Amino acid sequence: MNDIRIPGFKRRKKATIVVDETPKPSQKMVDVLIVGAGFAGLGTAIRLRQAGVHNVVILERGTEVGGTWRDNQYPGAACDIVSNLYSYSFAQNPDWSRSFSGSGEILGYIRQLVKRFDLERLIRFGQNVTGMVFDEPAGIWNVNTADGQTHRARAVVMCQGPLSNSSWPKIPGLETYRGHKIHSARWDHGYDFRGKKVAVVGTGASSIQIVPELVKQAAQVKVFQRTPGWVMPRPDYVSPEWSKKLFARVPAAQSAFRELLFWVHESMALGVVWTTPMTSVMERLMRMYLRSEVKDPWLRRQLTPDFRLGCKRILISNDWYKSLQAPNCELVTWPIAGMSPKGIRTVEGIEHQFDCIVFATGFDVSKAGSPFPVTGLGGRNLDSDWARGAQAYKSVNVSGYPNVFLTFGPNSGPGHNSALVYMEAQIGYIVRGVGKLLGEDLAVLDVKPEVQKAHNDEIQKRLRRTNWNSGCKSWYLTEDGFNSTMYPGLATQYRSQMARFDGKAYRTVPMTVREPV
Amino acid sequence: MQLELDKMLAKIKDSQWALADIDWDAPGRELVTENKELYPKLKAFMADLMWIEHVGARGFAAMAKKAPTEDLREIYRYFHAEEQKHANAEMALMKRWGMLDDADTLPEPNINIRLVVEWLDTYADDMPLSVLGSVIPMLEITLDGALCKFLLDTVDDPVCHAAFEKINADEARHLGVDFHVLEMLGHGPLYRQTLEFVAKLLDPRLMIGIASYLPLLNKMRDNLVELGLKEEKLYTAVQKYERIGGTPGGRRNPWFRLISRQGRWVIDRANRAYHVPVDALVKLTAKIPPRALPPVPTWVKQLTWKPAA
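One numbering rule holds for all chains: residues counted from 1, following each sequence as written. Chains carry letters and ligands carry numbers; both start at the beginning, A for chains and 1 for ligands, and go up in the order they are written. Owing to the predicted nature of the model, reporting of local features is limited to residues with pLDDT of at least 70; listing and counting of side-chain atom pairs is limited to 80 or more, with chain, interface and lining totals taken over all residues. Working from all heavy atoms in the structure, the side-chain values ignore hydrogens and water.

Draft legend 1. Expanded view of the pattern of salt bridges. One side-chain nitrogen of Lys or Arg within 4 Å of one carboxyl oxygen of Asp or Glu is enough to make a salt bridge. Going through the model one piece at a time under the given rule, you end up with 37 salt bridges over all chains. For Lys436(A), the salt bridge identified is with Glu440(A), shortest N-O distance 3.1 Å. Exposure is judged per residue with a 1.4 Å probe applied to protein chains only, and the accessible area is read against the type maximum: over 50% gives exposed, under 20% gives buried, and values in between give partly exposed. The exposure class of Lys436(A) is buried, given its relative accessible area of 17%. Ionic pairing is found between Lys149(B) and Asp153(B), a salt bridge with its closest N-O pair at 3.7 Å.

Right, dumping it as structure tokens:
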């Protein structure tokens, strides 16, 4: 395991914060408050503690850890990044059962993290954050939760996740439908699909995993598609026993494999992030895959994307095309006019009637607004500051909101590599930032506005040359086409920018008033 | 004619209707079924009308791939579906009037429709917006418009009128967008328009398309005249295309010029230079055995008269 203790991280003498590992009453002040007990929140807690920051509390609105992977337990749910890379390098798992593990196994891994790093006692479940306000003179954040508690912290790490709020589509008459409704992120495991007529709305990353499973059970499945995505096959395999044994005995072998996977993904950026000859080659290969799977020219036309590869998320599946051609499955590409008590009315005038409608319509990704009210310096409001699109410095800090750190903040999303690679880089940066805040006993650690602006000007300039900004509509962009989601570069570049915490980019104010602990 | 396409798109979305909104079993069926003289002619007419709508739908599907803006792309997606809805509604009328041989069988398309379907399936997606965007308004205003008007003048069944009230409201929006695009297509330097026009005319794929389209028009005209439609009404419809499309931008569009001129030739029976070869094509195509053509594309099989599925 890596040692990430921060060099020079020693508290000044006057900072008499007692390292106390026992759970604290929620109203007591903590050094670091983490919002969310998903991958990012738990990873941050692990690395903070490894760096010597122990006075940490995690607020979790649910009753269990796991975040996105706890919520997304629909049939067929799996990660589309190889598990050896979709896990923490500092907590590798030699026992992955498949190359692309299912959501249950990933959730199991997250639970193991809690056990292995003894995180359970840091987590306060059922704590839904409703807002937070910065007390500038004291250098403390007051974080309010739905049950009326106020948690106080020197630093807050917002790990609520970009994919945490399920999004229902804006379909006229949605509320009039009287059949059963299921959202992919809130799966109803008690519903029996056998013999039922089922609709699946949406053809994104969740849908292409759900439909092949539903086709095996339901009497009829109709899939409503607005825009087809680029689909590539998934090199899925059962992990051989010898590799599990090897990785368990020689962790360096697993690290080497992980490194190989990293560079394979990294090379794909050349086709996915920017338009290059490799983009055309990859598009051609995916068209060939489509042609080999779908013989009917009209269905193939319906499934052929009309945007550049990478502009929207690439879909990875071995059974999506096969499922759509199953005798009990039909692809509907007519626009949806609205919903009726019995089903979905499409613009070609037909009412498609169903027992159950599955909405695989993704998440309400916060691109222009904060997930809950955040009040920073001088009463400024993050929602207003982000009204025209979220911006931050290196995706982690926002000027005017001192001592707050974000995971998967603005312009941190990967299009070609594992989210966990980016997450680890963010966590490392946050640990260094928290180290500076506590080590130098600062009341305020606030990124300078001109630094943030220069960073974002550069990001937006670079984004203009990427496939995400090449003209298609996607969840990466706001309604106005502003991209506050993706990082325009290689994961290597991202890691490099996060490797150093540049203190000069921040305005600091030393702590003058100490709160009793 | 200038439109704000975003507002038009919102209006289109707000104006949706479904086959289920019409009571297809309401009284009045006998006004058609008991008219022994009208009935057989109307059966052929309805089949033609339904197929014309369906062919128009496929044209819009191709245009959706070419549209230069997101709003226009979305509008064409809707128009594709709405033309399909019109074909479905017309098929539902045929079902009401007992004109379908079998509940699950489509009316047989005539050979010229069949050839146009083949051409659309093979080449429509390769045609530029300038060609499709100029020919679709002509089809909509002459065939669709004149046919619908004629139908309402001829048939008294109130269900038919209820259906066409909705169809015509859709068509009015289609024509609004059609002529907006026709105007838009005339923008740009004239020399470039002319060069592109000439280059495209020499495209063998387009030549095949023209060779399928011309006999279809003559065949339709003959069918209509046989049914009792006055040729003047077609003439009025062609004039309407010229009048509305003849904006400064429209007149700069060589495709508009060609299609207007060709429209005049179609209705001028004295123009032997046009009609002798085209009528010969109609006769020639009539000799093509149906089995010589490949199976109908699967997009045709999406047609249905059933309001619920």
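Draft legend 2. Structural view of a nonpolar patch on the surface. Residues form patches when they are more than 30% accessible in relative terms and have no salt bridge. Like charges link within 9 Å. Nonpolar side chains (Val, Leu, Ile, Met, Phe, Trp, Tyr) link within 5 Å. Reported accessibility uses the Shrake-Rupley method at a 1.4 Å probe radius. Residues are deemed covered only where the shown protein chains occlude them. Together, Trp242(A), Leu246(A) and Val250(A) make up an exposed nonpolar region whose accessible area comes to about 310 Å². Among the structural elements, Trp242(A) can be located in helix H5 (residues 241–249). The helix count covers DSSP runs of H or I at least four residues long, the strand count covers runs of E at least two residues long, and both are numbered beginning at the N terminus.

Draft legend 3. Representation of the environment of Ala20(B). Residue and element names in this part refer to chain B. Tracing the sequence through the fold places Ala 20 in the loop between helix H1 (5–14) and helix H2 (30–33). Under the relative-accessibility criterion, Ala 20 is labelled partly exposed at 38%. For the pair Ala 20 and Asn 112, spaced 92 residues apart in sequence, the C-alpha separation works out to 32 Å.

Draft legend 4. Main features of the pairing of strand E2 (residues 56–60) of chain A. Residue and element names in this part refer to chain A. For E2, a buried count of five out of five residues is recorded, marking the element as mostly surrounded by other parts of the structure. The alternating pattern of E2 places Val 56, Ile 58 and Glu 60 on one face and Val 57 and Leu 59 on the opposite face, and all of these are buried. In terms of strand pairing, strand E1 (residues 29–35) meets E2 through four bridges, oriented parallel. Counterpart to Val 32 in the pairing with E2 is Val 56. When the strands point away from the viewer and the path from the first strand over the helix to the second turns clockwise, the crossover is right-handed. Between the parallel elements E1 and E2, the chain passes through helix H1 (residues 39–50) in a crossover that is right-handed. Any two strands are treated as partners once DSSP identifies two or more bridges connecting them.

Draft legend 5. Local environment of the sheet that holds strand E15 (residues 351–353) of chain A. Residue and element names in this part refer to chain A. Strand order in the open sheet formed by three strands is E13-E14-E15, and the pairing between neighbours is antiparallel. With one partner strand each, in any of the chains shown, strand E13 (336–340) and E15 form the two edges of the open sheet. In this sheet, adjacent strand axes meet at a mean angle of 25 degrees when their direction is disregarded. Where E13 lies against strand E14 (residues 343–346), four bridges are found, and the strand directions are antiparallel. Pairing of Gly 338 across the sheet is with Arg 345, part of E14. Here, axes are lines fitted to C-alpha atoms. For helices the fit covers the stretch in contact, and angles between N-to-C directions go from 0 to 180 degrees.

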